[in-house]
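A look at the structure
Residue strings, one per chain:
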Amino acid sequence: MTVDQTPADRPTRRGTAGLDPDIALAATALDQEQAALDLVQATIRRHPRLRGLLADARRAHTAHVRILTDAVPKQARPHASPSPSASASASAGVHVAASPAHALRTVARHENRLALSGKTHAFSAQSGAFARLLAGIAASAAQQATFLSQRAAEAHR
Amino acid sequence: MTPLQAIQATLVGEHAAVYVYGVVGGRVSSSADPALAAKVAQAYTTHRGRRDQLTAMVRAAGADPVAADVSYRLPNPATTVRQLEAVALHVERQCTEVYAQMVGNTSRANRQWAIEALTDAAVRQLGFGGSPQPFPGLPEL
């Protein structure tokens, strides 16, 4: 592999919807982070004993939703709800497995998918600073996927 | 920061990681603590590989890869198992920061390389006593 001399920050080209590509990317990432937060909230509500194990995930997704909400103009937002009360009502409709171990594995799989799509977003970002942020968010999801998979496996033993 | 400067800065971090893991690997007992010894050995191999890849990237760009220092300061005496794990965790945290910096200052294949390295180092932290963080590699957040 050689060094690609293309600057990290590429000139912005508007997409078909007239939206800055990074704003469109942020809106997608925000939607996915909100869905992850809703799933974690719903899992905690169904299985209160998992609250401790899921505390870091809830803290991380809340921080991600907050920072991405700031990056996306209101009119471009999908249906994110950064306030805890709004998130609580959104998570009410999320299906959670009856078995705590199964529910934990579901969250871990979701985190894994989030890490993969987050890496794709970071790769595609036009702005270098935004790519760095998205890569950090993806790495956070990868940590959660590993951490929760290990805890779910321990619970299964 | 140009893409080449970002890659050279990442190489500086890898030189330090390879040195420190060499020291840590020499102090972990593979009979008394085989799990930690295996994790340290794997981390050493990974960082040595990344150092060589970065060196090749810089050479391919026609530049001289930055050289390693003679030695590096450890963050603690690195004599107990807990201290050795803390050193490894410290190295991985430092690496996530330089990888994140490289993500922000490169594009295409170089950025992809840095994204994968960042994720890998963030996950490896968990094996050395780290806990999941909201923004690995981004200390200002």
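What to know about the pattern of salt bridges
- All told, the structure shown has eight salt bridges over all chains when counted by the stated rule.
- Here A:Arg59 and A:Asp56 are joined by a salt bridge, their closest N and O atoms 3.2 Å apart. Here A:Arg59 pairs with A:Asp56, and both are found in helix α2 (residues 55-71), just three residues apart, close to one helical turn.
- A:Arg132 is the partner of B:Glu140 in a salt bridge, and the nearest nitrogen-oxygen pair spans 2.8 Å. Residue B:Glu140 is found in the segment after α4 (108-127), and its partner A:Arg132 is found in helix α5 (residues 128-156); the two belong to separate chains.

A short note on α4(B)
- The terminal C-alpha atoms of α4(B), which comprises 20 residues, lie 30 Å apart, in line with the 28 Å expected from a rise of 1.5 Å per residue.
- Looking one or two residues past α4(B), B:Gly129 carries a phi angle of roughly 90°, positive in sign.

Notes on the nonpolar core
- Counting 59 residues, the largest nonpolar core has A:Phe130, A:Leu134, B:Tyr99 and B:Trp113 as the members making the most contacts within it.
- Of all the elements in the fold, those that place two or more residues in this core are α1 (21-46), α2 and α5 of chain A together with α1 (3-27), α2 (34-60), α3 (81-105) and α4 of chain B.
- What A:Leu134 contacts, discounting residues up to four positions off in sequence, is A:Leu25, A:Ala29, A:Leu68, A:Gly118, A:His121, A:Ala122 and A:Ala125.
- One finds A:Leu39, A:Val40, A:Ile44 and A:Ala108 within the second-largest nonpolar core, a separate group that totals 13 residues.

Comments concerning the interface of chain A and chain B
- Every contact between the two is made by 36 residues of chain A and, on the other side, 40 residues of chain B.
- Carbon and sulfur atoms supply 63% of the area that chain A and chain B bury against each other, a total of about 3100 Å² over both sides.
- Contact with chain B buries area across many residues of chain A, yet A:Met1, A:Arg132 and A:Gln143 alone supply 25% of it, more than any other trio.
- Remark: the boundary between chain A and chain B carries two salt bridges.
- If you look at where chain A meets chain B, you find ten residue pairs in polar contact (both at pLDDT 80 or more).
- Sorting the residues of the side of chain A that touches chain B by element identifies α2, α4 (100-124) and α5 of chain A as the ones contributing at least two each.
- In terms of residue count, α5(A) provides more of the side of chain A that touches chain B than any other element does, 15 residues in total.

Some details on unusual backbone geometry
Residues and elements named next belong to chain B.
- In this model, Ala78 sits at a positive phi of 55°, which is unusual for a non-glycine residue.
- Relative to the helices and strands, Ala78 is located in the loop between α2 and α3.
- For Ala78, a relative accessible area of 1% gives the class buried.
- One non-glycine residue with positive phi stands out, namely Arg108, at about 50°.
- Locating Arg108 in the fold gives a position in helix α4.
- Overall, the relative accessible area of 47% leaves Arg108 in the partly exposed class.

Concerning the packing of α2(B) against α3(B)
All names here are of chain B.
- Two numbers describe how α2 lies on α3: the axes approach to 12 Å, and their chain directions differ by 25°. Judged by the inter-axis angle, α2 sits roughly parallel to α3. As α2 runs across α3, the sense of the crossing is left-handed. Seen from α2, the contacting residues are Leu36, Ala43, His47, Arg50, Leu54 and Met57; seen from α3, they are Val81, Glu85, Glu92, Cys95, Tyr99 and Met102.
- Residues that form the contact of α2 with α3 fall into these classes: eight nonpolar, one polar and three charged.

Criteria and thresholds
Residues numbered from 1 in each chain as written. Chains lettered and ligands numbered in written order. Predicted model: local features only at pLDDT ≥ 70, side-chain atom pairs only at ≥ 80, totals over all residues. Heavy atoms only, no water. Salt bridge = Lys/Arg side-chain N within 4 Å of Asp/Glu carboxyl O. Helix = DSSP H or I, 4+ residues; strand = E, 2+ residues; numbered from the N terminus. Expected span 1.5 Å × (residues − 1). Core = buried A, V, L, I, M, F, W, Y, C linked by side-chain atoms within 4.5 Å. Buried < 20%, exposed > 50% of the residue type's maximum accessible area, 1.4 Å probe, protein only. Contact = heavy atoms within 4.5 Å. Buried area = accessible area lost by both parts, 1.4 Å probe. Polar contact = N/O pair within 3.5 Å; in protein donor to acceptor, adjacent residues only side chain to side chain. Axes fitted to C-alpha atoms, helices over the stretch in contact; angles between N-to-C directions. Parallel < 35°, antiparallel > 145°, perpendicular 65-115°, else oblique. Left-handed = near helix turned anticlockwise from the far one by under 90°. Nonpolar A, V, L, I, M, F, W, Y, C, P; charged D, E, K, R; others polar.

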